[in-house]
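Structural overview for review
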Amino acid sequence: MEIAIALVALTVGVCAVAAACDRFGWPTPLVLVVVGAAAALVPGVPEFSLGPELVLNGLLPPLLYAATAQTSLVDFTRNKTATVLLSVVLVVFTTLAVGWATAWLLPGVALAACMALGAVVAPPDAVAATAIGRRLGLPRRVATMLEEESLLNDASALIALAAATSALTSALSPWRIGADFLLAVVGAVLIGGLVAVVLAAVRRRIHDPVLDTAVSFLAPYLAFLPAEAVHVSGVLAVVVTGLAMAHVSPRVQTAASRVAEALNWRTVAFLLENAVFLLIGLQFPRLLAGAADSGFTPGRVLAVCLGALAATIAARFVFVFAAAAFFRAVPALRPRAWSFGVSFLVSWAGMRGVVTLAAAQLIPEGTPGRDVLLLAAFAVVVGTLLVQGLTLPAVVRRLGLPGPDPAQDALQAAALGDAAVTAGLRRLDDLLTGDEPRHVVAQLRGRSKARSHAAWERLGRPLSDVMTPSAVYSRLRLEMLAAERSVVVEARDRGTAEPEVLRRALADIDFEEALLDRLDDLEPLDADRRLAPAAHPDAPCDHLRTAGTREDATARWGEPVTECAECVAAGAAWVHLRTCLACGHTGCCDSSELKHARAHARDSAHPAMVSAEPGEAWRWCWVDERLG
């Protein structure tokens, strides 16, 4: 009963704090640590022990697997140089720096034990980086590097920790450590890849979303346990399996299975990642009591804690800026060198988390100064979360690095969606035999085009200025579905239909409501900027390359008109406006009823147009169907 009460209290606390943080915009991990530490001081609150077995074998595998679901294997391989530097070389550098600093501050304690502390605090936490980064809107390049670093550095740190603890009882050579590291990495990659191959073959044959999600819950342990059994890195095996499964999931899973798996893993990750931060805070009194009984003076203990924190932060700064300088000095690497702003942000965003605190428990019992080392690990976790985590928003603002641009994302999504819809319509043309009912074919074409139009309607004037067709459809259909749902609920309350029939009817209504195109207003664009697609090696096409830009069109024909003259003459409404780059004609977009821009391109054979909406400079080739 006590365990059940504790779990309920933990879940309630996590949900309450997370809700408050969402409401007031506070950083959830930091608040959870503070709340946990305060709760641990309340009389009657039971003592929680965050043992290494629970975290490293129970919580870490699913947390890492959930994080890999958000990671692109393509990006991972593209950033492999930065990932290896941060997750392997930096871990070794931090281990040595913190180990030597601790040994200097804590005389009488074995150097190997101090190196063990260095390995413990070396890896930044994937959960902390992801949770804080999402809320801050970190630049996408920085957020990607932090997440990819955090997926691999735990494995490097645990291997370094094993070497340091082994050195407490036996002599180890650098060659032996290097061989063990290589064996752990190669073995983990082989096991993780093999598990991914088997899982892909099994899941390809599963069509029940519930069963498929259940198999996905087993995936991290199917990789972790065999790897640990043969003494290679279970953490790395989980990452390999997760990355591979995320990459092949569109080919081996049904759409319903992917939706169900994503939703369930989001729930699991939310509860686990927030619970571990609360548990970190609850460790504080126990660690403080252990350090008080260690035999060292309070001043010495405080110096070790602050010294470990300072060395951990400083080591990351020294390494990152040295790596950036090296990249700038080598001509072949110069294009990949980090700017000062990126280097500073990567250096400052090194929050530690639950893995550090759990790994500290692996320092052998009876090691002189162990309690002080455990408290120092806790100080690094809390110190980085509070010092760096609380100041990270100000650092991001001060550096002025741009975060993800929702308008740019919407433009890219519209172009990608348009290409996908075009492929779908071409496939439909290939499948048609002429015997299909015309109204069915019209419905198929209409639904595909409506999805494409809805994506483009996210651009242009905000919905406060113009109610787009997709927005009108969503608003009216939501009201219709609400009326339909009320009838089903009334039948349920009166008992006039079978429960299974009611369940399916409600599920059909809910599913359609979830699929409705919901248009979110974009943040206002700066008056002097122009929304244009990001540079791409394959863009633009030949027509766009010679068509000119919006500035060219403005110089030739003046500022674009603010209405579709043909729609005005016909008494019709338009949604967004497009300007022909060959003659300056401005007509309405494809979401508009009469589609005058497309009609002009068809009649005149002019291939390229540019958006005439304020703040937009993206172009489109009607011939090649390319964005540029």
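Residues numbered from 1 in each chain as written. Predicted model: local features only at pLDDT ≥ 70, side-chain atom pairs only at ≥ 80, totals over all residues. Heavy atoms only, no water.

Some details on the overall build of the protein
Broken down by element type, the protein carries 25 helices and five strands. With respect to the principal axes defined by its C-alpha atoms, the protein has extents near 90 × 70 × 45 Å. The contacts of the protein with a sequence gap of at least 6 include a subset with a gap of at least 24, amounting to 76%. Distance between charge centroids for the protein: 4 Å, based on 52 positive and 58 negative side chains. (Helix = DSSP H or I, 4+ residues; strand = E, 2+ residues; numbered from the N terminus. Contact = heavy atoms within 4.5 Å. Lys, Arg positive; Asp, Glu negative; His and termini not counted. Charge placed at Lys NZ, Arg CZ, Asp CG, Glu CD.)

Here's the deal with the pattern of salt bridges
Side chains bearing opposite charge may pair, as long as their charged atoms lie close to each other. Summed over all chains, the structure comprises 17 salt bridges. The partner of Glu-490 in a salt bridge is Arg-494, with the nearest N and O atoms 2.8 Å apart. With Glu-490 and Arg-494 both in helix H20 (residues 469–494) and four residues apart, this pair spans about one turn of that helix. Judged by its relative accessible area of 44%, Glu-490 is partly exposed. Residue Arg-504 is joined to Glu-500 by a salt bridge in which the shortest nitrogen-to-oxygen separation is 3.1 Å. Here Arg-504 and its partner Glu-500 are both found in helix H21 (residues 499–515), four residues apart, which amounts to about one turn of the helix. Three or more residues joined by partner-sharing salt bridges are found here, namely Arg-203, Asp-212 and Glu-261. (Salt bridge = Lys/Arg side-chain N within 4 Å of Asp/Glu carboxyl O. Buried < 20%, exposed > 50% of the residue type's maximum accessible area, 1.4 Å probe, protein only.)

Let's talk about helix H9 (residues 174–203)
With 30 residues, H9 extends 43 Å from end C-alpha to end C-alpha; this agrees with the ideal 44 Å at 1.5 Å per step. Residues of H9 that are buried: Ala-184, Gly-187, Ala-188, Ile-191, Gly-192, Val-195, Ala-196, Leu-199, Ala-200 and Arg-203. In this structure, the buried side of H9 is in contact with helix H3 (52–68), helix H8 (140–167), helix H10 (209–229), helix H11 (234–252) and helix H12 (255–282). (Expected span 1.5 Å × (residues − 1).)

As for the packing of aromatic side chains
Applying the stated criterion across every chain, the model contains nine aromatic pairs. Ring centres of Tyr-65 and Trp-265 lie 5.3 Å apart, and the angle between their planes is 45°; on these two criteria the pair is classed as tilted. Within this pair, whereas Tyr-65 is found in helix H3, its partner Trp-265 is found in helix H12, the two being separated by 200 residues in sequence. Summarising the burial analysis for this pair, Tyr-65 and Trp-265 share the class buried. Pairing Phe-340 with Phe-344 gives two aromatic rings, centres 6.0 Å apart and planes at 35°, and the pair type is tilted. You can see Phe-340 and its partner Phe-344 sitting in helix H15 (residues 340–348), four residues apart, about one turn around the helix. Take Phe-340: its relative accessible area is 54%, and that puts it in the exposed class. The lysine or arginine in question, Arg-23, covers the ring of Phe-24, its NZ or CZ lying 5.3 Å from the ring centre. (Phe/Tyr/Trp six-rings, centres within 6.5 Å; stacked < 30°, edge-to-face > 60°. Lys NZ or Arg CZ within 6 Å of the ring centre and 35° of its normal.)

What to know about the pairing of strand S1 (residues 577–580)
Side-chain direction in a regular strand flips from residue to residue, so the side chains alternate between the two faces of the sheet. Because side chains alternate across S1, one face comprises the buried residues Leu-577 and Thr-579, and the other comprises Arg-578 and Cys-580, equally buried. Linking two consecutive strands that pair antiparallel, namely S1 and strand S2 (residues 586–588), is a turn of five residues; a positive phi of about 85° is found at Gly-584 within it. Note that S1 and strand S3 (residues 608–611) share three bridges and pair antiparallel. By the bridge assignment, Arg-578 is partnered in S3 with Ser-611. (Pairing = 2+ DSSP bridges.)

Quick look at the nonpolar core
Inside soluble globular proteins, nonpolar side chains tend to come together where they are buried. Of all hydrophobic cores here, the largest spans 117 residues; its most connected members are Ile-280 and Trp-338. The leading source of residues in this core is helix H17 (residues 370–399), at 14 residues. Filtering out sequence-adjacent residues up to four positions away, Trp-338 remains in contact with Ala-82, Leu-86, Arg-141, Met-145, Val-320, Ala-324, Arg-328 and Ser-343. Counting residues in each nonpolar core, the second largest holds 16 residues, with Leu-459, Trp-618, Trp-620 and Trp-622 among its members. (Core = buried A, V, L, I, M, F, W, Y, C linked by side-chain atoms within 4.5 Å.)

Digging into the pairing of S3
The alternating pattern of S3 places Ala-608 and Val-610 on one face and Met-609 and Ser-611 on the opposite face, and all of these are buried. Two elements, S3 and strand S4 (residues 619–621), share three bridges in a ladder whose sense is antiparallel. If you follow Ala-608 over to S4, its bridge partner there is Cys-621.

Comments concerning the sheet that holds strand S5 (residues 626–627)
In spatial order, the strands read S2-S1-S3-S4-S5; together these five strands make up an open sheet with antiparallel pairing. Each of the sheet's edge strands pairs with one partner strand only, and the pair in question is S2 and S5. Pairing of S4 with S5 involves two bridges; the strand directions are antiparallel. Along S5, the bridge assignment pairs Trp-620 with Leu-627.

A few points about the state of the cysteines
Structurally, a disulfide amounts to a covalent bond that connects the sulfur atoms of two cysteines. In the structure shown here, the tally under the stated rule is zero disulfides. Looking at Cys-114, it has no disulfide partner, and the nearest cysteine sulfur is the one in Cys-305, 13 Å off. As a non-bridged cysteine, Cys-583 has Cys-580 as the owner of its nearest cysteine sulfur, 3.7 Å distant. Judged by relative accessible area, which is 30%, Cys-583 ranks as partly exposed. (Disulfide = S-S within 2.5 Å.)

Overview of the side chain of Asp-212
For Asp-212, the location among the structural elements is in helix H10. Here Asp-212 falls in the buried class, since its relative accessible area comes to 0%.

Observations regarding the environment of Arg-475
Within the secondary structure, Arg-475 sits in helix H20. For Arg-475, a relative accessible area of 46% puts it in the partly exposed group.

Details of the side chain of Thr-586
Residue position: Thr-586 is located in strand S2. Of the residues examined, Thr-586 reaches a relative accessible area of 12% and is grouped as buried. Within the structure, Thr-586 has its side chain in polar contact with the side chain of Thr-579 (distance 3.0 Å). Not counting the four nearest positions on each side in its chain, Thr-586 is found in contact with Val-561, Leu-577, Arg-578, Thr-579 and Ala-612. (Polar contact = N/O pair within 3.5 Å; in protein donor to acceptor, adjacent residues only side chain to side chain.)

Examining the environment of Glu-484
Here Glu-484 lies in helix H20. In this structure the C-alpha to C-alpha distance between Glu-484 and Leu-506, which are 22 residues apart in sequence, comes to 9.0 Å.

Let's talk about a nonpolar patch on the surface
A grouping of Val-92, Leu-96, Trp-100 and Leu-111 is seen on the molecular surface, where their side chains present a nonpolar patch of about 380 Å² in accessible area. Tallying contributions element by element places helix H5 (residues 80–105) first for the nonpolar patch, with three residues. Looking at the secondary structure, you find Val-92 in helix H5. (Patch = residues over 30% accessible without salt bridge, like charges linked within 9 Å, V, L, I, M, F, W, Y side chains within 5 Å. Areas by Shrake-Rupley, 256 points an atom, 1.4 Å probe, with all protein chains shown as cover.)

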